[in-house]
Amino acid sequence: MKKRNNPNSKWSIVTSGIIKNNPTFRLVLGTCPTLALTTAAMNGIYMGLATTFVLVCSNVMISLLRNIIPDKVRIPAYVLIIATFVTVLDMVIEYALPDVYEILGLYLPLIVVNCIILARAEAFASCNTIGDSALDGLGMGIGFMLSLTLMGAIREVIGAGTIFGAAIGNLPEYSMSVIAMAPGGFLVYGLMMAAVNQISIRKRDKALREELRIEELKPIIIKEGK
Amino acid sequence: MTYLYIIIGAIFVNNFILAQFLGICPFLGVSKKTDSALGMGIAVIFVMGVASIITYAVNLLLVKWGVEYIQTIAFILVIAALVQLVEIVIKRFSPGLYNALGVYLPLITTNCAVLGVAIVNVTPSYGYNLIQAFLNGIFSGVGFTLAIVLMAGIREKLVHSDIPESFRGFPITLVAASIMSMAFTAFGGMI
């Protein structure tokens, strides 16, 4: 248990991407696929898995080459590495899962310019060991997938009355299709981000109050101690 | 007539930001002031226009050689090189323009709107010719500029309003974008 609290442990690298540095709600990276593909919960899982694959592979590759790539051309080199993995993924999905290929459409090749991947390459993989970089990619990817799936589920329930494609009672009759359309994407994303902010504001205020209480109690404790 | 369809479609109906969700990062990041939003928009129009022509030509070569599968790699390399080139040229010939656009140019490489328009232009189901591809590139950029400048105008006003703490920054911007997007869906009936 104690090991989990160690800020440098392997476990905390993974959880950091899921909660503390969640790419969707905290870092606000990769917003294009987030808005475009969250019309259904299942799409979130597909996109999340695809991005995780590219993130882990490119993080490992960049970490492996971090001492070889000259500093001046590092960004083009990273983009090239990422583009290679995206091309591999594109070909595999087109062959093995044509339905998923249809859903992801334009956004599959656009993983190349997903800022999460370049940001992690620059901020983490370029200065960390291979193992840590892989874990960082995994954590970020899972964080991305969970946020996308959650947002997809909310939009699917409200917008279409279904969840993972299955109808919930007679909810489809009362669905608000605008939530599944473009305006709903912006709205749900904004409200979810505000909710996440609210949680962290609460936490901060609570910690602040606690600190104040300790400050107030300090003289009394010192007095009693004497 | 098809040209007019492409122009109106690119600016209003299939607006890159508000209908297709391409280029959201600069839309959220560079929309605090109208001046910088306009600068970013003009840089994007320029790069998208030139990139449309070059990637269209590159794609013809790729098809001729039978290596369409490296399309993504080829396009992103072309765009990165183009942005670099544009930066050098502007720096050399127009320092004033460079000072205005300089900071935005490197950002454009990772702007998915540019790669997005390049891929859309060569999608066989659209069947664009070179001129149509060029128009689509330029006017998608105009649509991008329109959305980002409008947003910057809204955000300049938002600064003065009393917003709940949890909504400050990105959330309120997204909610405003949602309302803008609703307004733009009304253009859907035009084509």
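Residues numbered from 1 in each chain as written. Chains lettered and ligands numbered in written order. Predicted model: local features only at pLDDT ≥ 70, side-chain atom pairs only at ≥ 80, totals over all residues. Heavy atoms only, no water.

Hey, could you run me through the overall build of chain B in this one?
For chain B, the helix and strand inventory stands at nine helices and zero strands. Along chain B, helices and strands appear, N-terminal first, in the series α-α-α-α-α-α-α-α-α. Its C-alpha atoms give chain B a radius of gyration of 17 Å, within 12% of the compact-globule value 16 Å for 191 residues. C-alpha extents for chain B along the principal axes are approximately 60 × 45 × 30 Å. The buried share of chain B, taken over its 191 residues, is 51%. Long-range contacts, defined here as pairs at least 24 residues apart, represent 76% of the contacts in chain B between residues at least 6 apart. (Helix = DSSP H or I, 4+ residues; strand = E, 2+ residues; numbered from the N terminus. Rg over C-alpha atoms; globule rule 2.2 N^0.38 Å. Buried < 20%, exposed > 50% of the residue type's maximum accessible area, 1.4 Å probe, protein only. Contact = heavy atoms within 4.5 Å.)

What is the right way to look at the confidence of the model for chain B in this model?
Detailed reading of the predicted coordinates is not advisable wherever pLDDT falls low. Residues and elements named next belong to chain B. Here chain B shows a mean pLDDT of 86. Residues at 70 or above account for 97%. Within chain B, helix H8 (residues 130-158) carries the highest mean pLDDT (92), whereas helix H5 (residues 95-101) carries the lowest (73). Here the complex is predicted with pTM 0.86, and the ipTM for its interfaces comes to 0.86. (pLDDT = per-residue confidence, 0-100.)

Any chance you could explain the packing of aromatic side chains here in plain terms?
Residues and elements named next belong to chain B. Considering all chains together, one arrives at five aromatic pairs over all chains under this definition. Within the aromatic cluster, the residues linked to one another by ring pairs are Phe-12, Phe-184 and Phe-187. It is Arg-92 that lies over the ring of Phe-93; its NZ or CZ is 5.5 Å from the centre. (Phe/Tyr/Trp six-rings, centres within 6.5 Å; stacked < 30°, edge-to-face > 60°. Lys NZ or Arg CZ within 6 Å of the ring centre and 35° of its normal.)

Honestly, the environment of Ala-160 of chain A in this entry has me stumped. Any pointers?
Residue and element names in this part refer to chain A. With respect to the helices and strands, the residue Ala-160 is situated in helix H8 (residues 130-160). Each C-alpha atom of the pair Ala-160 and Val-88 lies 34 Å from the other, and the pair is 72 residues apart in sequence. Apart from residues no more than four positions distant in its own chain, Ala-160 is found in contact with Arg-155, Pro-172 and Ser-175.

Looking at this structure, how should I read the environment of Gly-66 of chain B?
Mapped onto the secondary structure, Gly-66 of chain B falls in the loop between helix H3 (34-65) and helix H4 (71-93). In this structure, the C-alpha to C-alpha distance between Gly-66 of chain B and Ser-36 of chain B, residues 30 residues apart in sequence, is 42 Å.

Help me out: how do you make sense of the interface of chain B and chain A in this one?
When the parts of a complex come together, some accessible area is lost, and that lost area is often taken as the interface size. Contact residues are listed per partner, giving 36 residues for chain B and 32 residues for chain A. Overall, the association of chain B and chain A removes approximately 3100 Å² of surface from exposure, summing both partners, and the carbon and sulfur fraction of that is 82%. For the chain B face of the interface with chain A, the top three residues by lost area are Phe-21, Ser-166 and Leu-174 of chain B, together amounting to 21%. Inspection of the region where chain B meets chain A yields one salt bridge. Here Glu-165 of chain B ties to Arg-204 of chain A by a salt bridge, and the two come within 3.2 Å at their closest N and O atoms. In this structure, the connection of chain B to chain A is made through five residue pairs in polar contact (both at pLDDT 80 or more). Of all the elements in the fold, those that place two or more residues in the side of chain B that touches chain A are helix H2 (24-29), H4, helix H7 (112-121) and helix H9 (170-185) of chain B. Grouping the amino acids of the side of chain B that touches chain A by side-chain chemistry returns 24 nonpolar, ten polar and two charged. (Buried area = accessible area lost by both parts, 1.4 Å probe. Salt bridge = Lys/Arg side-chain N within 4 Å of Asp/Glu carboxyl O. Polar contact = N/O pair within 3.5 Å; in protein donor to acceptor, adjacent residues only side chain to side chain. Nonpolar A, V, L, I, M, F, W, Y, C, P; charged D, E, K, R; others polar.)

Sorry, what's going on with unusual backbone geometry here?
Backbone phi values are negative for most residues with the exception of glycine, while trans is the configuration of most peptide bonds. For Phe-164 of chain A, which is not glycine, the phi torsion reads 50 degrees and is therefore positive. Structurally, the position occupied by Phe-164 of chain A is in the loop between strand E1 (162-163) and strand E2 (166-167).

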